[in-house]
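# Notes for the structure review
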Amino acid sequence: MVLHHKEFTTAGKVDGLQIWRIENLELVPVPESLHGNFYSGDAYVILSTVKQRDNFFYHLHYWLGKECSQDESTAAAIFTVQLDDYLGGKPVQYRELQGVESTAFTSYFKGGITYKTGGVASGFHHVITNDLSARRLLHIKGRRVVRATQVPLTWSSFNSGDCFIVDLGDKIYQWCGSKCNKFERLKATQVARGIRDNERNARAELVVVEEGSEPFALIDVLGAKPELSEGDDDDDTKADVSNRKMAKLYMVSDATGSMKVTVVKEENPFLQTDLISEECFILDHGQNKMIFVWKGHKANPSERKEAMKTAEGFIKQMGYPANTQIQVLPEGGETPMFKQFFLGWRDRDQSEGFGKVFVTERIARIQQVEFDVSKLHESHQMAAQYNMVDDGSGDTQIWRVESSGRVRVDPKSYGQFYGGDCYIILYTYGQRQIIYTWQGSSCTLDELTASAFLTVQLDRSLGGNAVQVRVCQGKEPPHLLSLFKSKPLIVYKNGTSRHEGQAPTPETQLFQVRRNLGTTTRIAEVDATAASLNSNDAFLLKMPGGRGYLWMGKGVSDEELKGAEYMSKELNCSSKRITEGNEPADFWAALGGKAAYQTSERLESSTLTHPPRLFGCSNRTGRFIIEEVPGEFTQDDLAEDDVMLLDVWDQVFVWIGKDANEVERTESVKSAKQYVESDPSGRDPQTPLVVVKQGHEPPTFTGWFLAWDPSHWGSVSKSMQALHL
């Protein structure tokens, strides 16, 4: 009988993130309230679980701090292999190093990652603290991915181009350099609020300080302020364009008793038939700091288990940088980043299986290279964020924010929100509480202020120990969604659920139903026009007289169809099913007439072979860089002072924000063209480039965003004002 670690029994059972730290060579869970905080002297194991229909998908990371010991590094690697084996070899494995984490990893932490000095060996432990005498300085870097790094508490650590957080325990100063931008301010505010709410239990005062207006209390701590530099942005995320270059494919085998590799192809794009199920392969993109190991499901068990060690040995043998990223992929679990190197990749349900490797005479004569994989690499780093503390089966209470205070919401309508309101959600599990503050995209500034005040007030009434989580509409974390059990999340457009304050419900309403991989189904009210439709989703059209239509796009999933039916019942609407392309005349009449909407052949399948990707283009650092927006993106991720690239495979959009400068506008178009031409998957070099301007986006662009709001840009200034509350 094979014995497994006790922590494995709860691993991968529900959607969400689980994080363990290596303490005395054991796995110790990290409290949810401190997810996203990592000690540079430690190692961690992180498991991301996604459930789609009846299947589970896993991403398994081990993260190594820059100063963690060799023993901790080795233990993290061993536990990762054991957990992978426990989960049947299904996870995609990653080695993460501090400061250079993969996009998949950083996508878990929309609120950013905080690196702390010390670790287990130094006596620093992950505990919730009310210590109001603690003092530290955090340097906030990044736009799409935020990293907060602890630096010496001295003026020499500051610069005018970034934001910093001076944490004095009872007071937290968010210091904004004179040359920082509003995007950085937003991220610094998120980190500062997280410290106040999670680490100080809302008992500290948060003060926003502009460079040149430092209060005396801050000068007393730091001393006289010297002249500051503009900062160095060399650590910012590198341009994605540089990551799409030549690669090589190797076959790995231990048939001779020792691990050997053989070159299969020296140029990409590769063919899917180059891979065979009986072997393991290395896709070498090491010149751009990326190595993939593909494990055939019929490969030798020892080859599969030693995949990560093999990759590390390969990196050492080739002389690549120690911080080269590694992904270990099981057959059938390939990531888009891996599949992009193959011409016409077809998923398992689209193809007849893998073929045999074709090795030419020239390649067959290449010397086989033996690798020493007995030692793991030096320590590096890791990070992580929110976790599912449970399955949402605890006690939930919800209040709507009004001028008179908190007004209790009827439990029958839990999971239904109005974009014009703010809500406070108290979740109790065991002896612990989490307070979610949900803020609608069209709520007033007064409601934003009141929601923050009432959240702190509720926390104090509970003893001041609750974890506080601020949630913006469209950015709901998985655990919050789990509180509504099997119900979809419903968000009504604008309006309010306030008693005696609700404007008359429109006679005609349109609701978009979308379910992304591994998340609860979301239902959002959108403008009742044909341009709001999308071939990839289901829609419910509610018409006068209690009748309506359930419109099924060509790429609709079963879950989305069920969500539309659920919404029809909620509205007491007698709806008739219709399929895309077979709409009756009164359907179009109710939407103001037939018009163009988001549709393409790619949307006719519920599974996208090439998921959409969003990138931000900026020269704010003095040089032009491109950064990918990690994870699921929303309209809020479009920065007005940047140019964004939206890659939907059959076309690439260049979205120009109203405040983008001329260099960004010009270089982004050039980069988009290079991005397409240098794609290793052999994409058509004539793939269309579509330039769109902020406020004038066509349906083919807006359709990739859930519940696109044409009036969104007018509310941005209001949101920025609310940052300092």
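About the criteria used
Residues numbered from 1 in each chain as written. Predicted model: local features only at pLDDT ≥ 70, side-chain atom pairs only at ≥ 80, totals over all residues. Heavy atoms only, no water. Helix = DSSP H or I, 4+ residues; strand = E, 2+ residues; numbered from the N terminus. Buried < 20%, exposed > 50% of the residue type's maximum accessible area, 1.4 Å probe, protein only. Contact = heavy atoms within 4.5 Å. Areas by Shrake-Rupley, 256 points an atom, 1.4 Å probe, with all protein chains shown as cover. Expected span 1.5 Å × (residues − 1). Polar contact = N/O pair within 3.5 Å; in protein donor to acceptor, adjacent residues only side chain to side chain. Pairing = 2+ DSSP bridges. Axes fitted to C-alpha atoms, helices over the stretch in contact; angles between N-to-C directions. Phe/Tyr/Trp six-rings, centres within 6.5 Å; stacked < 30°, edge-to-face > 60°. Lys NZ or Arg CZ within 6 Å of the ring centre and 35° of its normal. Salt bridge = Lys/Arg side-chain N within 4 Å of Asp/Glu carboxyl O. Right-handed = clockwise from strand over helix to strand, strands pointing away. pLDDT = per-residue confidence, 0-100. Core = buried A, V, L, I, M, F, W, Y, C linked by side-chain atoms within 4.5 Å. Patch = residues over 30% accessible without salt bridge, like charges linked within 9 Å, V, L, I, M, F, W, Y side chains within 5 Å.

## Remarks on the overall build of the protein chain
In terms of helices and strands, the protein chain carries 15 helices and 35 strands. Considering the protein chain as a whole, with its 725 residues, one finds that 56% of them fall into the buried category. The contacts in the protein chain between residues at least 6 apart in sequence include a share of 70% that link residues at least 24 apart. With the model as given, the accessible surface of the protein chain reaches about 30600 Å², and the carbon-plus-sulfur share is 50%.

## What about helix α13 (residues 662–677)?
For α13, spanning 16 residues, the distance from its first C-alpha to its last is 23 Å, which sits close to the expected 22 Å at 1.5 Å a residue. Looking at α13, one finds that the buried residues are E664, S668, S671, A672, Y675 and V676. On its buried face, α13 sits against β31 (613–618), β32 (625–628), β33 (643–647), β34 (652–656) and β35 (689–693). By the N-cap criterion, in which a side-chain oxygen at the helix start approaches the backbone nitrogen of a residue two or three places on, α13 is capped by N661, the distance to V663 being 3.2 Å.

## Focus: the sheet that holds strand β25 (residues 489–492)
Note on sheets: strands pair through backbone hydrogen bonds, and any given pair is parallel or antiparallel. Taken together, seven strands build an open sheet; the order of strands is β21-β25-β27-β26-β28-β29-β30 and the sheet is mixed. At either margin of the open sheet sits one strand with a lone partner, and together these are β21 (416–418) and β30 (574–579). Shown here is a sheet whose adjacent strand axes are inclined to one another by a mean of 20°, direction ignored. Looking at chain direction, strand β28 (residues 538–543) and strand β29 (residues 547–552) are connected through six bridges and run antiparallel. Paired with M543 across the two strands is R547, which belongs to β29. Sheet strands in contact with helix α11 (residues 558–570) are β21, β25, β26 (509–514), β27 (522–526), β28, β29 and β30, and its direction is about 20° off that of β28.

## Brief notes about unusual backbone geometry
Negative phi values dominate among residues other than glycine, just as trans dominates among peptide bonds. You will see that N24, though not glycine, has its phi angle at about 55°, which is positive. Mapping N24 onto the fold places it in the loop between β1 (16–23) and β2 (26–29).

## Quick notes on the packing of aromatic side chains
Throughout the structure, instances matching the rule amount to 34 aromatic pairs. Relative to Y675, the ring of F615 has its centre 5.5 Å away and its plane inclined at 65°; by these criteria the two rings are edge-to-face. Remark: Y675 occurs in helix α13 and F615 occurs in strand β31; sequence separation between them is 60 residues. In terms of burial, F615 and Y675 fall into one category: buried. Members of the aromatic cluster, connected to one another through ring pairs, are F633, F653, F701, F705 and W708. The side chain of R406 reaches across the aromatic face of W399, ending 4.6 Å from its centre.

## Overview of the sheet that holds β32
As summarised here, the arrangement of the five strands in space is β32-β31-β33-β34-β35, forming an open sheet in which the pairing is mixed. Strands with a single pairing partner mark the edges of an open sheet, and in this sheet they are β32 and β35. On average, each strand axis in the sheet is tilted by 25° relative to the strand beside it, whichever way the strands run. In this sheet, β35 lies alongside β34 in parallel orientation, the contact comprising five bridges. Bridge pairing in β35 places I656 opposite K693. Relative to β34, α13 is tilted by about 170°, and along the sheet it contacts β31, β32, β33, β34 and β35.

## Remarks on the pairing of β31
With six of six residues buried, β31 is to be regarded as a mostly interior element. Taking every second residue as pointing to the same face, both faces of β31 are buried, with R613, F615 and C617 on one and L614, G616 and S618 on the other. Bridging between β31 and β33 involves five bridges; their strand directions are antiparallel. Residue pairing across strands places G616 opposite M644, the latter belonging to β33.

## A word on the pattern of salt bridges
Note on pairing: side chains with opposite charge can pair once their charged atoms come close. Scanning the model with the defined rule gives 22 salt bridges in all. With its nearest N and O atoms 3.2 Å apart, the salt bridge here joins D586 to R547. Linking D586 in helix α12 (residues 585–590) with R547 in strand β29, this pair joins segments that are 39 residues apart in sequence. Between E565 and R577 there is a salt bridge whose closest N-O contact spans 2.2 Å. One end of the pair, E565, is in helix α11; the other, R577, is in strand β30, and 12 residues separate them in sequence. What makes R577 partly exposed here is its relative accessible area of 45%. Bridged by salt links that share partners, the residues R21, E23 and D42 form one connected network.

## A look at the environment of M567
Structurally, the position occupied by M567 is in helix α11. For M567, a relative accessible area of 0% translates into the label buried. Taking the C-alpha atoms as reference, M567 lies 9.8 Å from L550; in sequence the two are 17 residues apart. Every residue in contact with M567, bar those within four places of it in the chain, is listed here: I490, Y492, F511, I523 and L540.

## Topic: the pairing of strand β24 (residues 467–472)
Where strand β23 (residues 432–439) meets β24, six bridges bridge the pair, whose relative direction is parallel. For I434, the partnering residue across the bridge sits in β24 and is V467. Following the chain from β23 across helix α9 (residues 445–461) to the adjacent parallel β24, one finds a crossover that is right-handed.

## Some points on the side chain of R400
Within the fold, R400 resides in strand β19 (residues 395–402). We classify R400 as buried; its relative accessible area is 3%. A distance of 2.7 Å separates polar atoms of two side chains, one belonging to R400 and the other to E402.

## Quick notes on the side chain of Q635
Relative to the elements of secondary structure, Q635 occurs in the loop between β32 and β33. At 2.9 Å, the side chain of Q635 forms a polar contact with the backbone nitrogen of D709. Not counting chain neighbours up to four residues away, the residues in contact with Q635 comprise F705, A707, W708, D709, H712 and W713.

## Looking at the confidence of the model for the protein chain
Predicted coordinates in regions of low pLDDT should not be interpreted in detail. Summing up the model confidence of the protein chain, the mean pLDDT is 79 and the portion of residues at 70 or higher is 81%. Note on residues 234–245: pLDDT is under 50 here. Beyond four places in sequence and across chains, it has 36 contacts. Scored below 50 in pLDDT, residues 716–725 makes 20 contacts in the model with residues more than four places away or belonging to other chains.

## What about the nonpolar core?
Formed by 37 residues in total, the largest nonpolar core has its most connected members in I22, V45, L47, L83 and I282. Formed by 34 residues, the second largest nonpolar core is a distinct cluster that contains Y427, L481, V491 and M552.

## Regarding a nonpolar patch on the surface
A cluster of nonpolar side chains, contributed by V669, L689 and V691, occupies part of the molecular surface with about 200 Å² of accessible area. One can find V669 in helix α13.

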